[in-house]
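# Remarks on the overall topology
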Amino acid sequence: MAEEARILVVDDEERIRRLLKMYLEREEYLVDDAENGEKALEMALAEEYDLIILDLMMPGMDGIEVCEEIRKHKATPIIMLTAKGEEANRVQGFEAGTDDYIVKPFSPREVVLRVKALLRRASSTKFLQTETTTKDVLVFSYLTIDNDAHRVTAAGNHINLTPKEYELLLYLALAPDKVFSREQLLKDVWNYEFFGDLRTVDTHIKRLREKLSKVSPDAANMISTVWGVGYKFEAVKE
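Residues numbered from 1 in each chain as written. Predicted model: local features only at pLDDT ≥ 70, side-chain atom pairs only at ≥ 80, totals over all residues. Heavy atoms only, no water.

The name recorded for the chain in an unreviewed UniProt entry is DNA-binding response regulator, from Salipaludibacillus neizhouensis. Taken verbatim from the UniProt record of the chain, the Subcellular location (unreviewed entry) comment is "Cytoplasm". (UniProt positions renumbered as here; feature names shortened; annotations may be inferred.)

Listed below in structure tokens is the structure:
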């Protein structure tokens, strides 16, 4: 249940950690906190968190570096905290694998709403560890999406995707050969809970292709760029 979710709050400012912890614990979440990137990385890899709230700008190891290291091992949902004027860094954050961002100064209520929204999405994209008989499966020439198990495989290998990466791939795959603009993808995949620039879509597409390409370049090539318009999923079902 969402109320039992474990959350890690990472920020070098104690007042922000205290504030977020107070509001999140009111929602009955279990909250740990870390004051720097090094400690956050150690905790994130040693424990199983359902979500991480991660400050971008910290002394020593910053949020982007922490996110990159976590993504080498886990697909834990990550919300990045950024200050105004750090747009370029926010794009870097998406490239590193963050799922959402919140701009400082923020409303604690907004943070709670974002957390709830991301946990809802993540709860439906946790990969099952057991085999299951399922009917909700999309099978393509180089790629299989088992939507009951929320599992993506290519060339016989499981692809470890973040919740947002999975949602984006599934959305495209449900309408093969249909071209979607970046604006439409932002609206339908990120929906009302997220307002970002169009590069957010580009960075997620890039990460999807990179992950697929590691096991199957053919699968990666199924996500096609339509220059000047957006993206589409090119596939022939088996």
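Turning our attention to the sheet that holds strand β3 (residues 51-55). The parallel open sheet is built from five strands, whose spatial order is β2-β1-β3-β4-β5. Every other strand in the sheet has two partners, leaving β2 (30-34) and β5 (100-104) as the edge strands with one partner each. Taking the axes of each pair of neighbouring strands and ignoring which way they run, one obtains an average angle of 20 degrees across the sheet. Summarising the sheet, β3 and strand β4 (residues 78-83) pair through four bridges and their orientation is parallel. Within the sheet, the bridge partner assigned to Leu54 lies in β4 and is Met80. Contacts between helix α2 (residues 37-46) and the sheet are confined to β1 (6-10), β2 and β3, with β2 contributing the most and set at about 140 degrees to the helix. (Pairing = 2+ DSSP bridges. Helix = DSSP H or I, 4+ residues; strand = E, 2+ residues; numbered from the N terminus. Axes fitted to C-alpha atoms, helices over the stretch in contact; angles between N-to-C directions. Contact = heavy atoms within 4.5 Å.)

In the structure shown here, the tally under the stated rule is two aromatic pairs. Between Phe140 and Phe233 the ring centres are 4.9 Å apart and the planes differ by 65 degrees, which places this aromatic pair in the edge-to-face class. With Phe140 in the loop between β6 (137-139) and β7 (144-146) and Phe233 in strand β12 (residues 230-233), this residue pair connects regions lying 93 residues apart in the sequence. When the ring of Tyr171 is compared with that of Phe180, the centres are 4.9 Å apart and the planes differ by 55 degrees; the resulting orientation is tilted. On the accessibility criterion, Tyr171 (22% relative accessible area) is partly exposed. A residue is classified by how much of its surface remains accessible, and Phe180, at 3% relative accessible area, is buried. (Phe/Tyr/Trp six-rings, centres within 6.5 Å; stacked < 30°, edge-to-face > 60°. Buried < 20%, exposed > 50% of the residue type's maximum accessible area, 1.4 Å probe, protein only.)

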